[in-house]
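Here are the chains, one letter per residue:
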Amino acid sequence: MKVISTPLPGVVLIQPKVFGDERGFFLENYQAQRYREYGLPDQFVQDNHSRSAKNVLRGLHFQKNYPQGKLVYVTSGIVFDVAVDIRVGSATYGRWVGVTLTAESHQQFYVPPGFAHGFCVLSDVADFHYKCTEYYHPEDEGCLRWDDPDVGITWPIAQPILSAKDAAAGSLAALKNDPQRPS
Ligand SMILES: Cc1cn([C@H]2C[C@H](O)[C@@H](COP(=O)(O)OP(=O)(O)O[C@H]3O[C@H](C)C(=O)[C@H](O)[C@H]3O)O2)c(=O)[nH]c1=O
């Protein structure tokens, strides 16, 4: 297993050890003791799986008072995955990092609590899996618009397919004035 740092401290790319043979491959997607040794969470409480078509963009989402750390990877297809630091007072506030995740590479991406997260699909279809360190709290969810000029994410697609919720997402500036936002 290799862990590769990114310009945002705590946001890392993970390359699990893959055992290939004439039958195919085997890998451990997660192992608490090993991930703990690399400074990653040793407890996740919820696993999610979403399937999306080409050009779908899901995000950028976060939970305000129940922030979720997310260990994300794809088991089919290719996605461009993005984490945005929205932790008030962070030295890297408003900065983003993006990585391309493919089923072939088996790479994982860890997005710590306090980040907004989203991805867009580059293949015909993608199966997206992620482990979360906190439960889903729909009443606590926030959305940051995918194309906020103050964040300046260089997405590899121009006209994404968005949910109504994501199409109506607010800006980083508006987020700062959100009364619900934790201090
Ligand atoms: C996130 C979530 C959703 N749902 C239900 C609620 C809706 O009826 C349906 C679709 O939800 P939503 O449109 O919010 O799904 P995504 O747009 O994929 O949301 C996710 O997208 C980005 C990439 C994220 O990082 C978040 O984990 C998550 O917000 O699944 C649940 O039952 N449990 C859950 O944990």
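Residues numbered from 1 in each chain as written. Predicted model: local features only at pLDDT ≥ 70, side-chain atom pairs only at ≥ 80, totals over all residues. Heavy atoms only, no water.

For the chain, the name recorded in an unreviewed UniProt entry is dTDP-4-dehydrorhamnose 3,5-epimerase, with Thioflexithrix psekupsensis as its organism. According to UniProt, the comment filed for the chain under the heading Subunit (unreviewed entry) is "Homodimer." (UniProt positions renumbered as here; feature names shortened; annotations may be inferred.)

Engineer: Run through the site of the ligand, naming residues and quoting values.
Structural biologist: With respect to spatial proximity, the complete set of residues near the ligand consists of Gln46, Asn48, Arg58, His61, Lys70, His117, Phe119, Tyr130, Tyr136, Glu141 and Lys165. A distance of 2.9 Å is found between an oxygen atom of the ligand and a side-chain nitrogen or oxygen belonging to Lys70. Interatomic distance of 2.9 Å between a side-chain N/O atom of Tyr130 and an oxygen atom of the ligand. For the ligand, the protein covers 65% of the area, taking 650 Å² as the surface of the free molecule. Its atoms largely coinciding with the cavity grid, the ligand occupies the largest pocket. Going through the elements one at a time, β5 (46-53), β6 (57-63) and β11 (115-121) are the ones with two or more residues in the shell around the ligand. (Near = heavy atom within 4 Å. Polar contact = N/O pair within 3.5 Å; in protein donor to acceptor, adjacent residues only side chain to side chain. Areas by Shrake-Rupley, 256 points an atom, 1.4 Å probe, with all protein chains shown as cover. 1 Å grid on protein atoms, 1.4 Å probe; cavity = no way out; pocket = protein on both sides within 12 Å on 5 of 7 lines; lining within 4 Å. Sits in = over half its atoms within 2 Å of the grid points. Helix = DSSP H or I, 4+ residues; strand = E, 2+ residues; numbered from the N terminus.)

Engineer: Can you explain the packing of aromatic side chains? Please cite residues and give values.
Structural biologist: Two aromatic rings are characterised by how far apart their centres lie and by the angle between their planes. What the rule picks out here adds up to five aromatic pairs. Relative to Trp155, the ring of Phe80 lies with its centre 5.9 Å away and its plane at 75°, an arrangement referred to as edge-to-face. Of this pair, Phe80 sits in strand β8 (residues 78-85) while Trp155 sits in the loop between β13 (141-143) and α2 (164-167), placing them 75 residues apart in sequence. Summarising the burial analysis for this pair, Phe80 and Trp155 share the class buried. Put simply, the rings of Tyr30, Tyr35 and Phe44 pair up and form one aromatic cluster. (Phe/Tyr/Trp six-rings, centres within 6.5 Å; stacked < 30°, edge-to-face > 60°. Buried < 20%, exposed > 50% of the residue type's maximum accessible area, 1.4 Å probe, protein only.)

Engineer: Let's hear about the UniProt feature "active site" (unreviewed entry) in the chain: which residues, and what values?
Structural biologist: According to UniProt, the feature "active site" (unreviewed entry) maps to His61 and Tyr130 in the numbering used here. A compact arrangement is adopted by the annotated residues: their sequence extent is 70 residues, whereas the largest C-alpha distance between any two is 13.6 Å. Those annotated residues that line the largest pocket are His61 and Tyr130. The residue His61 is located in strand β6 in this model. Residues contacting His61, with those up to four places away along its chain left out, are Lys70, Phe115, Ala116, His117, Glu141, Gly142, Cys143, Lys165 and Asp166. With respect to the helices, strands and loops of the structure, Tyr130 is situated in strand β12 (residues 125-132). When neighbours within four sequence positions are excluded, Tyr130 is seen to be in contact with Gln46, Asp47, Asn48, Lys70, Leu71 and Val72. (Contact = heavy atoms within 4.5 Å.)

Engineer: Quick rundown of the side chain of Gln107? Include the residues and the values.
Structural biologist: Relative to the helices and strands, Gln107 resides in the loop between β9 (96-102) and β10 (108-111). A polar atom in the side chain of Gln107 sits 3.4 Å from the side chain of Gln15. Ignoring sequence-local partners within four residues, the contact set of Gln107 consists of Ile4, Leu13, Ile14, Gln15, Pro16, Val72, Tyr73, Thr100, Leu101 and Thr102.

Engineer: Any details on the pattern of salt bridges? Residues and values, ideally.
Structural biologist: In this structure the tally under the stated criterion is eight salt bridges. Where Lys165 meets Glu141, a salt bridge forms, and the shortest distance between an N and an O atom there is 2.9 Å. Here Lys165 is found in helix α2, whereas its partner Glu141 is found in strand β13, with 24 residues between them in sequence. We note a salt bridge from Asp147 to Arg145, for which the minimum N-O separation is 2.8 Å. (Salt bridge = Lys/Arg side-chain N within 4 Å of Asp/Glu carboxyl O.)

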